[in-house]
Amino acid sequence: MRNDRSLNMASVAALPSVDEVLAQPTTQSLIADMGRDRVVAVVRTLIDRRRKEILAGSLHATAIERSDLLVQLERELERFADSARREGVRRLINATGTIIHTNLGRAPLSANAAAAMLSASGYSAIEYDIPSGSRGPRGPRAVDLLKRLTGAEDVLIVNNCAAAAMLILSVFAQGREVIVSRGELVEIGGDFRIPDILSRTGATLREVGTTNRTKLSDYENAISERTAMILKVHPSNFRITGFTKTADTAELAGLAAGSNLIVYEDAGSGALIDLSGAGIKGEPVIRDVLAAGADLVSFSGDKLLGGPQAGIIAGRGDLIERLRRDPFYRALRLDKTITAALEATLEAYSRGSASAELPVLTMLFTRPEEIAGRAAAFAGKLAESVDGLNGLQVGLRSSRSAVGGGASPDAVIETTVLTLKHSRMSDAQIEEALRLGEPPVITRIEGGEVLIDLRTVSLAEEAELVEAVLKLGNVPVVK
Ligand SMILES: *Cc1c(COP(=O)(O)O)cnc(C)c1O
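These numbers were taken from a predicted model, which means no experiment stands behind them.

Scoring rules and cut-offs
- Residues numbered from 1 in each chain as written.
- Predicted model: local features only at pLDDT ≥ 70, side-chain atom pairs only at ≥ 80, totals over all residues.
- Heavy atoms only, no water.
- Helix = DSSP H or I, 4+ residues; strand = E, 2+ residues; numbered from the N terminus.
- Buried < 20%, exposed > 50% of the residue type's maximum accessible area, 1.4 Å probe, protein only.
- Contact = heavy atoms within 4.5 Å.
- Areas by Shrake-Rupley, 256 points an atom, 1.4 Å probe, with all protein chains shown as cover.
- Lys, Arg positive; Asp, Glu negative; His and termini not counted.
- Charge placed at Lys NZ, Arg CZ, Asp CG, Glu CD.
- Pairing = 2+ DSSP bridges.
- Axes fitted to C-alpha atoms, helices over the stretch in contact; angles between N-to-C directions.
- Parallel < 35°, antiparallel > 145°, perpendicular 65-115°, else oblique.
- Left-handed = near helix turned anticlockwise from the far one by under 90°.
- Nonpolar A, V, L, I, M, F, W, Y, C, P; charged D, E, K, R; others polar.
- Salt bridge = Lys/Arg side-chain N within 4 Å of Asp/Glu carboxyl O.
- Polar contact = N/O pair within 3.5 Å; in protein donor to acceptor, adjacent residues only side chain to side chain.
- Expected span 1.5 Å × (residues − 1).
- Arc of directions from axis to C-beta.

Peer 1: Help me get a handle on the overall build of the protein chain, residues and values and all.
Peer 2: Regarding its fold elements, the protein chain presents 21 helices and 18 strands. Expressed as lengths along the three principal axes of its C-alpha atoms, the size of the protein chain is roughly 95 × 55 × 50 Å. Within the protein chain, the proportion of its 479 residues that are buried is 48%. A separation threshold of at least 6 residues defines the contact pool for the protein chain, and within that pool the share at least 24 residues apart is 75%. Total accessible area on the protein chain is roughly 23200 Å²; 51% of this is exposed by carbon and sulfur atoms. The distance from the centre of the 56 positive side-chain charges to the centre of the 61 negative ones in the protein chain is 3 Å.

Rendered as structure tokens:
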């Protein structure tokens with residue numbers, strides 16, 4: 001006991017000091033990367049952990065020598081630096097086949113939108129009229145484009161569609177009633193629940209109908225002098241099928257006609273153009289929603305529209321003006337770089353080249369035969385380096401891509417996926433190895449195989465992806 005204790009004390013004395021570790025060349029380059037304070041804090045933690053292990057007797061005392069410890073600490077620091085480099089918002093390859101993947105940043109921006117973002121990142125005319133040299137409205141180009149593309153009298157743009165709903169409900173329905181069908185009291189995901197948003201804005205929810213059926217007369221019977229609004233929510237991420245009934249926008253607008261009731265439709269994703277050619281059926285086209293008589297409609301910028309995160313409110317000029325004047329709008333307004341990206345995205349629609357320019361639409365409209373061809377060529381490239389495959393089995397099979405982003409859960413998008421199996425790795429190990437690579441490759445696992453869907457991989461990323469997959473072949477044989 002005594003002996004162990006003194007041995008332990010001797011080992012503790014052998015621990016390198018913080019300064020010794022900091023003096024190592026590799027540590028110095030880490031400091032240049034991450035800053036001294038952060039590295040010092042990590043070194044302290046690592047040394048401390050060693051000291052505790054020694055004192056607890058779990059680190060074998062006789063094995064300890066100062067130089068060994070230094071090497072070990074350096075290695076741990078490297079590992080820390082590696083994982084620190086994986087933090088933050090960094091580029092990755094989305095091989096999941098889910099086009100609007102909320103965890104992976106939803107819509108990838110077009111080249112024009114990305115360039116516009118960079119160009120506006122310094123000083124820019126976000127709220128300045130260059131011809132007159134005076135203050136101007138905020139981001140009027142995007143508003144003008146949206147008015148033309150949707151037929152709306154006016155448009156207001158905020159941070160996201162959730163913010164749009166909060167603003168509309170708090171300005172027009174605070175202290176009053178909002179009628180919503182029980183079939184539309186949905187959770188969109190990420191804690192966006194219609195009943196919660198309503199209560200947070202001080203509006204009272206007046207539920208009507210049943211989960212599967214709500215008739216126009218249900219709305220009609222619920223209208224009273226307390227009613228401010230009829231809210232129609234696009235159910236986005238689920239579908240009720242079978243014995244169902246809903247009142248459409250035109251019927252609701254007819255019901256509200258001649259009264260002060262506001263008909264507001266939260267379209268969620270919505271679409272600026274008809275996407276039925278890509279297998280997307282249930283998404284309302286914003287122009288049609290307004291033409292059917294909705295007073296206000298809101299939708300996201302980074303879902304099917306294919307642009308940056310934004311919440312767009314389109315509709316009646318007098319209502320939009322009240323929203324614009326409300327102090328709450330000031331807290332939700334859009335940043336200059338995002339406004340620039342949105343403008344560039346909308347210009348593509350305006351030119352009529354959206355489906356060729358915007359990645360979300362390009363991916364949606366890529367024909368199954370084209371993906372199949374790319375997948376076969378990809379498998380061919382892998383097969384060319386037969387040495388590299390070494391235990392890796394690559395196959396092809398048909399599967400389905402997903403729209404994602406809570407849009408069109410029932411859209412059928414045929415695709416061909418590459419399947420990966422490995423003689424020395426489980427599916428989970430393959431998935432992890434790809435995810436922890438550089439750049440990270442995100443895949444999905446189905447039926448014991450790792451799947452790569454090229455629908456969401458750009459042509460420019462394919463070479464990197466081939467390399468990432470070939471690396472799996474180099475995984476050493478364990479034991
Ligand atoms: C996605 C969605 C929202 C939330 O939009 P964000 O832009 O993510 O805030 C709100 N309503 C509906 C119906 C949606 O589909």
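Peer 1: Which residues make up the sheet that holds strand β13 (residues 311-315), and what values do they have?
Peer 2: Overall, mixed pairing links the seven strands, which are arranged β5-β13-β12-β11-β10-β6-β9 in an open sheet. Unpaired on one side and paired on the other, β5 (154-158) and β9 (204-208) mark the two borders of the sheet. Adjacent strand axes in the sheet meet at a mean angle of 25°, parallel and antiparallel pairs treated alike.

Peer 1: Report on the pairing of strand β14 (residues 392-404), specifying residues and quantitative values.
Peer 2: Bridging between strand β2 (residues 98-100) and β14 involves two bridges; their strand directions are parallel. Bridging from a neighbouring strand, Thr-98 pairs with Ala-402 of β14. Note that β14 and strand β15 (residues 413-422) share 10 bridges and pair antiparallel. What sits directly across from Ser-401, in β15, is Ile-413.

Peer 1: Any details on the packing of helix α20 (residues 427-435) against helix α21 (residues 462-473)? Residues and values, ideally.
Peer 2: Packing of α20 against α21 brings their axes to within 10 Å, and their N-to-C directions diverge by 130°. Relative to α21, α20 is oriented oblique. Judged by the sense of rotation from one axis to the other, the crossing of α20 with α21 is right-handed. Seen from α20, the contacting residues are Ile-430, Ala-433 and Leu-434; seen from α21, they are Ala-468, Val-469 and Leu-472. Each residue belonging to the contact of α20 with α21 can be placed in one class, and the counts come to six nonpolar, no polar and no charged.

Peer 1: Just give me the short version of unusual backbone geometry, but keep the residues and values in it.
Peer 2: For the bond running from Glu-438 to Pro-439, omega is -5°, close enough to zero to count as cis. Examined against the element boundaries, Pro-439 turns out to sit in the loop between α20 and β16 (441-442). Non-glycine residue Arg-106 carries a positive phi angle of around 50°.

Peer 1: Requested: an account of the pattern of salt bridges, with residues and values cited.
Peer 2: Taken as a whole, this structure holds 31 salt bridges when the rule is applied. Measuring nitrogen to oxygen at the nearest pair gives 2.4 Å for the salt bridge that ties Glu-438 to Arg-90. Linking Glu-438 in the loop between α20 and β16 with Arg-90 in the loop between α5 (66-85) and β1 (93-94), this pair joins segments that are 348 residues apart in sequence. On the basis of relative accessibility, which here comes to 26%, the residue Arg-90 falls in the partly exposed class. Among the charged side chains, a network of salt bridges with common partners joins Arg-49, Arg-50, Glu-53 and Glu-76.

Peer 1: Please give an account of the side chain of Asp-266 that cites residues and values.
Peer 2: Looking at where Asp-266 falls in the secondary structure, it is placed in strand β11 (residues 262-268). In this structure, Asp-266 is buried with no salt-bridge partner, the nearest side chain bearing the opposite charge being Lys-303 at 7.1 Å. Only 3.2 Å separates the side chain of Asp-266 from the backbone nitrogen of Gly-268, close enough to count as a polar contact. Those residues in contact with Asp-266 that sit more than four places away from it in its chain are Cys-161, Phe-192, Ile-194, Leu-231, Lys-232, Val-233, His-234 and Ser-298.

Peer 1: Give a description of helix α4 (residues 36-56) that names residues and reports values.
Peer 2: The first and last C-alpha atoms of α4 sit 30 Å apart over 21 residues, in line with the 30 Å expected at 1.5 Å per residue. By the burial criterion, the buried members of α4 are Val-39, Val-40, Val-42, Val-43, Leu-46, Ile-47, Arg-50 and Ile-54. Down the axis of α4, the buried set is contained in an arc of 165°. They therefore lie on one face. Among the exposed residues of α4, those oriented more than 90 degrees off its buried face are Asp-37, Arg-44, Lys-52 and Ala-56. Just downstream of α4 lies Gly-57, where phi reads positive at about 80°.

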